Structure formats: structure tokens, C-alpha cells
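Spelled out, the chains give:
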Amino acid sequence: MADNLPTEFDVVVVGTGLPESIIAAACARSGQRVLHVDSRNYYGGNWASFSFSGLLSWIKENQQKADLSDECEDWRKLILEDEEAIPLSSKDKTIQHVEDFCFGDQDSAEGVEEAGALPKLRVPGALAAQGESPGPEKESPAVEGIPLGSQGSPAVEGIPLGSQESPAVEEASPGSEKENAAVESPGEEPQSCSEAARAAAGDGAGAAPGPGAAPSTADGDSAPQLAKTEAAPSENAAQEPKKITYSQIVREGRRFNIDLVSKLLYSRGLLIDLLIKSNVSRYAEFKNATRVLAFREGKVQQVPCSRADVFNSRQLTMVEKRMLMKFLTFCLDYEQHPEEYQEHESSTFAEFLQTRKLTPSLQHFILHSIAMVAQTESSTLEGLQATKKFLQCLGRYGNTPFLFPLYGQGEIPQCFCRLCAVFGGIYCLRHAVRCLVLDRASGRCKAIVDQFGQRISANYFIVEDSYLSESTCTNVCYRQISRAVLITDQSVLNTDSEQQVSILTVPPLEPGMAAVRVIELCSSTMTCMKDTYLVHLTCPSTKTAREDLEPVVQKLFNLNTEKETENEELEKPRVLWAVYFNMRDSSGVEKSSYAGLPSNVYVCSGPDSALGNDCAVKQAETIFREMFPAEEFCPPPPNPEDIIYDEDEIEPEESGLNNSPETKPETSAEESSSEGGAAVTKEE
């Protein structure tokens, strides 16, 4: 409860999005006293993942226009004469134009309850004490496991990042607020959530490959092998997909983990490097994105990525294969040959490709599926850099450059929250902050006032952009992201295996429109029920999300509910349910744009429209280094054998919340690490 909170911290973090969670973990790891609060009842903010019922509650909440005029402002009485208050917003205004559609018989779902859901209970704000893990603890199911960087991996198919002794498979995952609509307190969900995870694995959500499934080498043999393993049960189902009703979706709602923001992780990106370096990777598992697709001339095609894919492709002629390999080889070390692109630096990448003696199909593949840059806006250098990044990430963990976290993108912020809690961070969900308290003499922020009227002092304050009031953001110019989430009955490109994770870029359908990124997830990612696919569409906004994205949805999917449809429509995947919404993109906003913020208050942005997470990681590291320039950013945890405990350090363990984060929390982290390591040794 709030009455038990200490009144002094080194760092107070408001919001549990990805950059805030990384900063909180880095601060706690460096020995700072961290308080991490969020007014929501789930972790992640706009980076969160929801069960189906949780998403319906989120939709209802964002469609309602709450009247905040009667809000109590008793906290203003707590501000002294020599102080000034900077009010924070109590209503999230980052989501707009939310529209959801059911393309089935919605009445049939009346009275249907979500399988395994716990009864709704009203529980006051949860306080995660030192060493306590945020979020529900669900045990990692034995599906999909390949430890990243490990040469002796257990016989599972998911990818827990880490070193050769990574205990990721034996560790419990940090869990996520998947059933937040059904359960108010995160502390009540662990048992039910792990049961749902095990049930999903038992129902064939993903098949485990044979023993010794190790990460692939440069040729990327891992993903094709996985596809063969999973192909068997889907051979008959691929031709005639099972009819899925809305009531089934509601009943199996806990098998869905639906991301608000759709992203993939580059296998050599900043986030993967940080997960491995900090050993946060042991709290999550990942699955390869198995294929990169292209949309050309009204058809979806698979794009050859690796050298083996290029030479095995039946889509390309022998001449095209040589052209493509020659160009990709040039892109890998284009800096060494400036004479080949310098005269085109002022041109767009699309114009540069036209000068490289590439066929139209190859130009399309490179521009939209490999570089994935804007056709009319991206320069030649930007396109070459993006192509090189794509190629450098190939082969580390599979035949594509991308990974996806099992149970959804919302797992990643929780992983860093768990690290923070292990090293002494204190967590409070459903805990609103009314204002920042500014000392007029020094011009610095010295405290916050929470919903209970308690003043909590700190040296530094991290605030997520959505918590800032309109008066603070008057001069800020925000962009918007258009998002759509679809539940479909089959893949956009059927193959022998139904367990595919695909990324597709649809070029602008009309001048002035943006390209649309499509990510299709199968049930083995633990984000949807069996025999369905979860499809995410994302693009920078020009209009409302529905206006931006519905033309693409109509090109790729069948939206008709009637039985009598044209043959072309019958061949397309059928949409069972859809939601459209616009999300604020606050990335790239300079701190000086915010009015009246003191120097020791830092603002974290929400998700951006890019595919990767580099923006969030860079922002978190920049803010941390400004606060603590002498400290290392998220260092690796110490070896348990190197820790020396003095008797004086062990005695104060019972002093409760005021313990130093270097004692009890660190011990628990290393004990669990050593236990996991022993388990991995036995596997080997």
C-alpha cells in the first residue's frame, strides 16, 4: 500500500513503457533507489499486450470520452509557498479513432465466458517489494526454444537470448498482464496464466523439434528445419481452413496476446545486444520470423533473403540471381566503393536502383522487402544503410534478420521491470501521480505528489510523454501512427507449413499514401489460438487508421460475411475480427519543446512507427548517461562465485524496504542464475 512507501528515492519513473523500463532497470542495476509507478493496471503502456477480453476492455475504455472536469484537486493544498506544481494528466490521450468490427455472428458469443478466466476482484494498488517480480509469472512452455548464442541448446524451438550457460529455458518468464480485464491485481494471475500457457502448448500451438536444435549458422538452416517439423498437422488444413466463430475467439481469448505496437527485433540490433549484455534475455523467449514477403502485381510472393534462398528460388531467373547477389555483395561494403554511389547521393534510393541494371521485380524486392524504405523520401545512403543492416542480421538465428518475442512485444518491458525489481526497485500499478513539485529557488523538481496525497522526493524524475498535461505540450507537434489488428482464418501466403511468422511491405496504393507494414503471426508465437492468425498493419498516419489501412486490408483479405462471394475473394484469408486505431508517435521530440520542465525531469517517448526498437534503446541510454555519466549502462550481472558477503552486509536483511539493493535482491538473482545454469549443464 502507499502508506508503506518510503518517502525518498534516487529516481522516480512514471510509466512502464519500454524506454522507461530500460532506464529503471539500468538505474537499479547501478545501485540507485528506484520507484516505478503507472496509473494503468497493466505493464507496458502503449507497448503492452492484451488477451482478447483485455483488448475489448481497452477498446471500450478508449472509445469513452471521460469528463475530467470534476476531478478532485486537493493535492494543490500540499504545495508550499516556495514551490510550484506541474500538473500531470490523468487521462491517456495518445489513442484516437478506435473502431472495431466483428465479421461473424456476434450474438452467438453472448453469455460465453473466457476459458480459465479468474473472477474479477477489486484489489487496491499492488506494491512489488524489493526482489519481487512484476507481472504474472508464467513458466516458459516447452515450445519453440533456441537459446541465442548458445551452442548446446535444449530441445525446444523458441529462442531465449543469452550466453552458452543461459538458464533461460529453466527460468520462469517475467509474465505479462495478459488478462488485465479479468483480473485487477497482477499478483493474482500467475497460476492461471501458466496453466493457459501449458494448455496452449499441449493443443499444438507449436511443435518442438528434435533434440539439439541449435541456432543456425550463416546459411540459416534453423528456420526451414522448424517449418518441416511443423508441417505435418497442417497439410490437410491448408486447403480448407476450419470455420472459426466469434464465440470460439471469446472462449479462447486467453490464448491471444495482442500487441498495441507491432515490431520485430533485428538479430543484431541494439535491443538484442542489450538483452544479452544485461542477461535480461533469460526472462523471455523468441521465435524466428520465418519469411519475408512482397506484394507485387496484386499477388503475395516470398522474397529470397539468404544466399541459399536466392539460388534455390524458382521465382528468379539465373541472370536475376546473379544480378541480385552482385548488388547485395556491393551493399555489404558499399563504404569501400564511394565512387559507385556518390553521384547519386542526392537521388532517392528507388532512382539509384534504376541505375544498377536490376530488373523491375528485383528493384521491388530490394526497395520494399529488404531495405524497407520509403519509395519517394529515402535517399540513396539511407537505402544502402538499411540494406546493409538487413544483410548483417541474416543468419545469426535463422534465415531472416528478425526475431519475435513469444507471448508478444509486451513481454520486453516486463523483462526489464523484473530486472529492476530484482535489484531493489519498487513497483506500483494503478498508482497515479498528480503533479511534479518544483522548487522555485533552485528551479529543479524535488518531489511528486501521488493520488493519496503522499509526497515522494527524488533526485531525478522520468516521465512518459502521455502523462504530461496539455499546457506542458502546447508547443509540441506530434506525428500519428495508423494501426490495425486482424484475426484471420489462414495465412496471406499458404505453404506446406502453417506455422509461419511473416513480414510484408505493401507499397503505397495511391500517390501521397504511405507504405503499409504487415506482420502476420501464427499460433506458435503464443499470440493467437490454433487455426487462426494475428495480423498487424502499421503505417505513418495521413488520415484516420481505418482510412489509411482498410484499402490494404481489402487487397489482402476477404471482408465479406456472406457465403456467396467471388472466387478471388474465396482464395483470400477471411477476416474474423478487426480493430483500427491511431496512436501518438512522440519520438524525435526535443526536450526544449516541452514548456516549463526542469533540468532533472526527463521525458520518454512512446512507440515510433519504425520496425525495430533502436529509438527506445538509444533514448534510454542517453537519459541514463545524462543522469549518471560515471556508471555503466546495464552491465552484466556479477558471477555468483565472485560475490563476497561480509557479515555486516547480511545483518540488515530484515529492515524491509530500506535495504540496500546490493544485498538481498542481488543474492536472489544470482541464486536463480546458478540454479538455471546447473539445469542447462544437466541437459547437455
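In what follows, the structure referred to is the one given above.
Conventions used here
Residues numbered from 1 in each chain as written. Predicted model: local features only at pLDDT ≥ 70, side-chain atom pairs only at ≥ 80, totals over all residues. Heavy atoms only, no water. Phe/Tyr/Trp six-rings, centres within 6.5 Å; stacked < 30°, edge-to-face > 60°. Buried < 20%, exposed > 50% of the residue type's maximum accessible area, 1.4 Å probe, protein only. Helix = DSSP H or I, 4+ residues; strand = E, 2+ residues; numbered from the N terminus. Lys NZ or Arg CZ within 6 Å of the ring centre and 35° of its normal. Axes fitted to C-alpha atoms, helices over the stretch in contact; angles between N-to-C directions. Parallel < 35°, antiparallel > 145°, perpendicular 65-115°, else oblique. Contact = heavy atoms within 4.5 Å. Nonpolar A, V, L, I, M, F, W, Y, C, P; charged D, E, K, R; others polar. Polar contact = N/O pair within 3.5 Å; in protein donor to acceptor, adjacent residues only side chain to side chain. Expected span 1.5 Å × (residues − 1). Salt bridge = Lys/Arg side-chain N within 4 Å of Asp/Glu carboxyl O. Pairing = 2+ DSSP bridges. Core = buried A, V, L, I, M, F, W, Y, C linked by side-chain atoms within 4.5 Å.

Peer 1: How should the packing of aromatic side chains be read in this particular structure?
Peer 2: Aromatic rings in a pair are described by how distant their centres are and how their planes are angled relative to each other. Evaluation of the coordinates by the stated rule reveals 18 aromatic pairs. Arranged with centres 5.6 Å apart and planes meeting at 70 degrees, the rings of Tyr-334 and Tyr-341 form a pair that is edge-to-face. In this structure, Tyr-334 and Tyr-341 share a single accessibility class: buried. For the ring pair Phe-390 and Phe-402, a centre distance of 6.0 Å and an interplane angle of 75 degrees mean the geometry is edge-to-face. On the criterion of sequence distance, the pair formed by Phe-390 in helix H11 (residues 380–393) and Phe-402 in strand S14 (residues 402–405) is long-range, its members being twelve residues apart. Across this residue pair, the class does not change: Phe-390 and Phe-402 are buried. Each member of the aromatic cluster is reached from another via a ring pair, and the members are Tyr-42, Phe-50, Trp-58 and Phe-581. The cationic tip of Lys-591 hangs over the ring face of Tyr-602; the distance from NZ or CZ to the ring centre is 4.5 Å.

Peer 1: Sorry, what's going on with the packing of helix H6 (residues 270–278) against helix H15 (residues 614–627) here?
Peer 2: What describes two packed helices is the angle between their axes and the distance between those same axes. Look at H6 against H15: their axes get within 8 Å of each other, and the N-to-C directions meet at 55 degrees. One way to sum up the angle between H6 and H15 is to call them oblique. Listed contacts from H15 to Leu-270, Leu-271 and Leu-274 of H6 are Asp-614, Val-617 and Lys-618. Considered class by class, the residues forming the contact of H6 with H15 number four nonpolar, no polar and two charged.

Peer 1: Is there a simple way to think about the environment of Thr-474 in this case?
Peer 2: Mapped onto the elements, Thr-474 comes out in the loop between strand S19 (460–464) and strand S20 (479–488). Put simply, Thr-474 and Tyr-594 are 120 residues apart on the chain and 7.5 Å apart in space, counted from C-alpha to C-alpha. A polar side-chain atom of Thr-474 sits 3.1 Å from the main-chain carbonyl oxygen of Glu-470. A distance of 3.0 Å separates a polar atom in the side chain of Thr-474 from the backbone oxygen of Ser-471.

Peer 1: Mind showing me how you'd approach H11 here?
Peer 2: One turn of an α-helix holds 3.6 residues; hence residues three or four places apart share an orientation. Its 14 residues give H11 an end-to-end C-alpha distance of 20 Å, which sits within 8% of 20 Å, the value for a rise of 1.5 Å per residue. Tucked inside the fold, the buried residues of H11 contact strand S10 (265–266), strand S12 (291–296), helix H8 (318–332), helix H9 (349–354), helix H10 (360–370) and S14. Among the residues trailing H11, Gly-395 stands out with phi positive, at a value near 85 degrees.

Peer 1: Honestly, the pattern of salt bridges in this entry has me stumped. Any pointers?
Peer 2: Under the criterion given, the structure shown has 21 salt bridges. Between Glu-335 and Lys-388 there is a salt bridge whose closest N-O contact spans 2.9 Å. In this pair, Glu-335 sits in the loop between H8 and H9 while Lys-388 sits in helix H11, placing the two residues 53 residues apart along the sequence. Classification of Lys-388 as buried rests on a relative accessible area of 16%. Through salt bridges that share partners, Asp-38, Arg-40 and Asp-92 make up one connected network.

Peer 1: Please explain the pairing of strand S16 (residues 433–439) as it appears in this structure.
Peer 2: Walk down a regular strand and you will see the side chains alternate between the two sheet faces. Counted residue by residue, S16 has six buried out of seven residues, so it is predominantly covered. Here strand S4 (residues 83–87) pairs with S16 via five bridges, running antiparallel. Its bridge partner being in S16, Ala-85 is matched across the sheet by Val-437. For S16 and strand S17 (residues 445–450), the ladder comprises five bridges, and the chain directions are antiparallel. Directly across from Cys-435, in S17, lies its bridge partner Val-449. With antiparallel pairing between neighbouring strands as the criterion, S16 and S17 make up a hairpin whose turn holds five residues, including Gly-443 at a positive phi of roughly 75 degrees.

Peer 1: So what exactly am I meant to see when it comes to the nonpolar core here?
Peer 2: Of all hydrophobic cores here, the largest spans 70 residues; its most connected members are Phe-327 and Phe-349. Discounting chain neighbours no more than four positions away, the residues touching Phe-349 are Phe-327, Ile-366, Leu-367, Ala-371, Val-373, Ser-378, Ser-379, Thr-380, Gly-383, Leu-384 and Thr-387. In terms of nonpolar packing, the next biggest core, distinct from the first, is built from 49 residues, Ala-25, Tyr-43, Ile-272 and Leu-429 among them.

Peer 1: Looking at this structure, how should I read the sheet that holds strand S13 (residues 299–303)?
Peer 2: One key point about sheets: their strands pair by backbone hydrogen bonds, in either a parallel or an antiparallel sense. The mixed open sheet is built from eight strands, whose spatial order is S5-S24-S20-S23-S22-S21-S12-S13. Edge strands, defined here as strands with exactly one partner in the open sheet, are strand S5 (95–102) and S13. Taken over all neighbouring pairs, the strand axes of this sheet differ in orientation by 20 degrees on average, direction set aside. Alignment of S5 against strand S24 (residues 575–585), held across six bridges, turns out to be antiparallel.

Peer 1: Just to check I follow, could you spell out the sheet that holds strand S18 (residues 455–457) for this structure?
Peer 2: Overall, antiparallel pairing links the four strands, which are arranged S4-S16-S17-S18 in an open sheet. Two strands lie at the open edges of the sheet, namely S4 and S18, each paired on one side alone. Pairs of neighbouring strands in the sheet enclose a mean axial angle of 30 degrees, with direction left out of account.

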